[in-house]
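# Commentary on secondary and tertiary structure
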Amino acid sequence: MQNDISYRSGDSTEITYLRTFAYRAFAHCFIYPSKAWISELQGWLNTLRSILEDFGPSTEDMVKTIEEIQKEKYNLQTLQTLQIEYTRLFINATSSVLAPPYASAYSEERWFYGPPAIRALYTYQKAGFALSPKSREMPDYLLVELEFMTRLCKKEMEDSKSYGEASDICKKQHYFLTEQLMPWVSIWRKYVEASDRAGFYTKLAMLIEKWLKIDTAYLTNTGERSIA
Amino acid sequence: MISRRDFLKFSGLLASSSILELDRDLGFLVPSAEAAQPEKEEKKLYGVCGICSMGCAYIAYVQNGWIVRLEGNPRDQIAEGKLCVKGRSSLNILYDPDRLKYPMKRTNPKKGIGVDPKWVKISWDEAIGMVATKFKEIIAKDGPQAIVIFARAKPHLKHFVKSIGTPNLIVHSNACDVSHDIAWESMVTGKGKGRPFTVDYENSRYILSFGWDGPGKSKNKWGRAVNNALEKGARLVVFDPRLSITASKAHEWIPIKPGTDLAVLLAMIRTIIIENLFDHEFISKYTIGFNELKGRVQQYTPEWAEKISDVPAGRIVRIAREFATTKPAVVASHKRDAGGPLYSNSFRVAQCFIIMNTLVGSIDRPGGRILDRKPKLPKEKDFVKYPEYPKAIKERIDGMERYPLTKKGNFFTVAQGILSKKPYPVKAALFWKYNLPSFPNRLRLEEALKTLDFIAVSDIYPTELTELADVVLPEGTFFEGKGLKERKYHAMYPQMALVEGIKPLYDTKGFKKVLYSILKKMALKEYVPDEEALKAFSKAKFEALGTTKKEIHSNGGIWTGDKEFKPKTEFGTPSKKIEFTPSLLKEKGFDPLPYWIEPKVMPNKEYPYRLIIYRTPWQRMMKTQNIPVLIEIYPENTATIYSKEAEKLNIKDGDYVWVESTTGKIKVKAHPSEGIRSDCVAIDHSFGHRGKGMSVAFGKGSNEGDLVPDMTIEEMLKNPDPSANVMWNEVVVKVSKA
């Protein structure tokens, strides 16, 4: 994919900074809706919009989508609607979980903790992270994988004193996106779209998918630049 | 170039937010230098399979905190290093995408199967609060008896029920093992002391089965033990209306008329006694009531039994003689053989099993039926003290106070009890691990449950029952628990199995913890055990075993006591002997001796076939149908019908047929066979889920329980069975091509 992200020599750290917050914002938009979440949602959406606006023309439709979301009234009245949708799409439903947000759900074997989960776990470990003992979610849960990307971006910023070290982290990010996240998020997004009745999660899933594609392209080009 | 200051300006957060908000990760990952060195070796955790009550001990291999494979524990006298197909595939349950993950409540007040409850995820605090608040309201307004608990009779369940003061604990025993339990307790062990399932098949030289199909249910230990016995030259004789898996291994398969095993057994007992083939020494030393038994069975001649059972008199006599003169010999038994709970006379069949074994000296002797060997352990009540329980009223919603020998509840009468509001209205129910298809005529129970104000369900799966729930409490699997389990189903010597679970996934909880939380929230803290007392109790258990948890772990997860088998010379009855005329039955006004009882129903012109419900090796109750590999092996249940009957009805193998009783009608795949009586149709259990939440199980097969009538307590009392067994096979059906 042609990279339309406007990066300039010397400002990759800024872009990484923005990418960190983008991953974080997407994760926060995806947590289970609650009163606290409703009160923060506009802020996270604003964050995303600001970040995406700076990434060039390829993100225009994403910005438009965020504006559409922001036009809807997400308040305490609509909270229960979103909670119902979230629960049926992503947790449990009377018709099986409609769009389980786990990589293993989209692999050949129909169970969690499949090869994608094991791969994710090993990837975290190699990068120096463990699953928090406070969480008992699967290693390939969407929010865990998004958080991993956040952590890698943060690490990239910390390591960016030397370009070579940052490049290594970029390779890890690229690998994780192309081998782990992207393959299943695209499928997942279609399941969300097919079953979402409220529209919010369709848009969010689309945004997440597009963001991952953009970021993958960015990292691909960053990698090509480092070789050149 | 965008600066960080500019970014913050544009971020547009609310005034109260700060950079710290933006810097907030969700906390799923933590930095860990240790984690950077992934484990190369698998660790072992020990546990006990919870798929069936056999409780095979397993070894779970764990990498980085996650179980990756299972093996049977070689040190376990039950598993002996093996797991059945269900146990082997049980990790699918732990990692099932359909599993209940978080507590949920319904937001749609309209309840029904297939009606979206519009669940929302809630916290445990809110979930427990909902249950506690509702229970308190109902107790205040209608009394504690207005709450019904549907759950297995584990000690913490009995404690919970007593703590809140309701008499209504509905256990599935009368649909499972009650007739065997009461027969065994009344004749051999004494009340509440020991289960009748440890049998030394391996060392038996003659195994007689009346509908027993342990190998056919893939009962791990028993399948191997029977095979080993056969390899050593034992003889296996099976009476069964259908050619079961056990029957297929037998030297003789006798397709007995269903419900008439009692006649054959009475005639066999008579033969053994009259021909003096019984073990005189064993009878004189260890039994009472022999003369009364002898007097009772005089009338039950083989010729009489032949007319009833379709088994030739000569064959009855020959087999009785073989059984009595081939030592050691044993009548095999377990749940869902002719001894229960299949027929109106099943309790008396269960009694006859014990009599036969006693006559040949096979009670607690090698090759016979064994009293469980258990370690001497302290009891929780010695460490954890509770105040007196509130006095519950005697009357139960299922009418079971009228059955003096068992208080475990009645799957067959509870629905009509709730609907009739007699002796009082019921307002709430709490379910643990039961599902609607576990009950006869589930539509009636569904109708009854819809009249309740509040239903809470604790389960691993979103079963069809959860679709009626107001609050759903997600339970951990047996991979996520901890403890020390006795060997119960086969305990030739004392043994305990360590249970070391992984931390519960998602936000699931063990039901014991949930119950204690409910009690706390109901301001019944005095009935919640003190943590220190529980720790002291746990410590005392290990001390009694002379070991520690660490030591058991390093010894392969199993503690083994003295293996030497010392046959008992005293038993647990009031007389300390095996009682042919149990005093327990006499005290409660029941005839202590077995006598002929006709089956409740017989095939007739309109319903020409008796329904035989049985189990297959690859499914267990309604628990395992969401495991893909098991469904791949066997995608749906079938109706086995005699091939010539199928021909008459123009039914070929694989055709779908309607099987209909006076209660209901189901569509199921036909399987014509030579291996069944012409007056029977056999359908295996474990299919027919209506809940789509179990995406693999849904839509597979049909539930044969929909053919079985439920009853009122008055109807049930007409049956002269002191155990209140449910009589699953007292159903006649007709079959037509679909």
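Keep in mind it's a predicted model, so treat the numbers as computed, not measured.

Conventions and cut-offs
- Residues numbered from 1 in each chain as written.
- Chains lettered and ligands numbered in written order.
- Predicted model: local features only at pLDDT ≥ 70, side-chain atom pairs only at ≥ 80, totals over all residues.
- Heavy atoms only, no water.
- Pairing = 2+ DSSP bridges.
- Helix = DSSP H or I, 4+ residues; strand = E, 2+ residues; numbered from the N terminus.
- Axes fitted to C-alpha atoms, helices over the stretch in contact; angles between N-to-C directions.
- Salt bridge = Lys/Arg side-chain N within 4 Å of Asp/Glu carboxyl O.
- Buried < 20%, exposed > 50% of the residue type's maximum accessible area, 1.4 Å probe, protein only.
- Contact = heavy atoms within 4.5 Å.
- Domains from an automatic or database assignment.
- Buried area = accessible area lost by both parts, 1.4 Å probe.
- Polar contact = N/O pair within 3.5 Å; in protein donor to acceptor, adjacent residues only side chain to side chain.
- Nonpolar A, V, L, I, M, F, W, Y, C, P; charged D, E, K, R; others polar.
- Left-handed = near helix turned anticlockwise from the far one by under 90°.

Okay, the sheet that holds strand 10 (residues 235-239) of chain B next. Working definition: the strands of a sheet are paired by backbone hydrogen bonds and lie parallel or antiparallel to each other. All names here are of chain B. Strand order in the open sheet formed by 4 strands is 11-10-9-13, and the pairing between neighbours is parallel. Two strands close off the open sheet at either side, each with one partner strand: strand 11 (252-254) and strand 13 (329-332). Each adjacent strand pair in this sheet contributes to an overall mean axis angle of 15°, direction not counted.

In this section: the pattern of salt bridges. Residues and elements named next belong to chain B. Summed over all chains, the structure comprises 58 salt bridges over all chains. Among the ionic pairs, Lys-221 bridges to Glu-80, the shortest N-O distance being 2.9 Å. Residue Lys-221 is found in helix 8 (residues 220-231), and its partner Glu-80 is found in the loop between strand 4 (66-72) and helix 3 (85-88); the two are separated by 141 residues along the sequence. A relative accessible area of 32% places Glu-80 in the partly exposed class. For Arg-224, the salt bridge identified is with Glu-80, shortest N-O distance 2.9 Å.

Our focus in this paragraph is the environment of Leu-359 of chain B. Its location among the elements puts Leu-359 of chain B in helix 15 (residues 346-359). Once residues within four sequence positions are removed from consideration, Leu-359 of chain B is found in contact with Ile-269, Ile-272, Ile-273, Phe-278, Asp-279, Ile-283, Phe-290 and Phe-580 of chain B.

It is common to give the size of an interface as the accessible area lost on bringing the parts into contact. Residues and elements named next belong to chain B. Segmenting chain B into domains produces domain 1 (1-95 + 477-509 + 529-567), domain 2 (101-182 + 395-475 + 511-522), domain 3 (199-370) and domain 4 (609-737). Computed over C-alpha atoms, the centres of domain 1 and domain 2 are 28 Å apart. Between domain 1 and domain 2, the contact holds 9 residues from the first and 12 residues from the second. Summing the contributions of domain 1 and of domain 2, the shared interface buries around 1000 Å²; its carbon and sulfur component is 65%. On the domain 1 side of the interface with domain 2, the three residues burying the most area are Tyr-506, Asp-507 and Lys-509, jointly 56% of the side's total. Seen at the junction of domain 1 and domain 2, the total is 0 salt bridges. Put simply, domain 1 and domain 2 have 3 residue pairs in polar contact (both at pLDDT 80 or more) between them. In terms of residue class, the side of domain 1 that touches domain 2 is made up of 3 nonpolar, 4 polar and 2 charged.

The next point concerns the interface of chain A and chain B. Contacts between the two partners involve 63 residues from chain A, matched on the other side by 62 residues from chain B. Interface area for chain A against chain B, summed over the two sides, is near 5900 Å², with a carbon-plus-sulfur share of 60%. If you sort the residues of chain A by the area they bury against chain B, Thr-94, Arg-110 and Arg-136 of chain A come out on top, with a joint share of 15%. There are 4 salt bridges connecting chain A and chain B. Between Lys-154 of chain A and Asp-25 of chain B there is a salt bridge whose closest N-O contact spans 3.6 Å. Our count for the chain A to chain B interface comes out at 25 residue pairs in polar contact (both at pLDDT 80 or more). Mapped onto the side of chain A that touches chain B, the elements with two or more residues apiece are helix 1 (12-30), helix 2 (35-53), helix 4 (76-91), helix 5 (115-126), strand 1 (129-131) and helix 6 (142-159) of chain A. Partitioned by chemical class, the residues of the side of chain A that touches chain B number 30 nonpolar, 20 polar and 13 charged. As paired strands, strand 1 of chain A and strand 1 (residues 29-31) of chain B are joined by 3 bridges and run antiparallel to one another. Along strand 1 of chain B, the bridge assignment pairs Ala-130 of chain A with Val-30 of chain B.

Another point: the packing of helix 13 (residues 302-309) of chain B against helix 14 (residues 313-325) of chain B. All names here are of chain B. Packing of helix 13 against helix 14 brings their axes to within 8 Å, and their N-to-C directions diverge by 120°. For helix 13 against helix 14, the interelement crossing comes out right-handed. On helix 14, the residues touching Pro-302, Glu-303, Ala-305 and Glu-306 of helix 13 are Ala-313, Ile-316 and Val-317. Per-class residue counts for the contact of helix 13 with helix 14 are 5 nonpolar, no polar and 2 charged.

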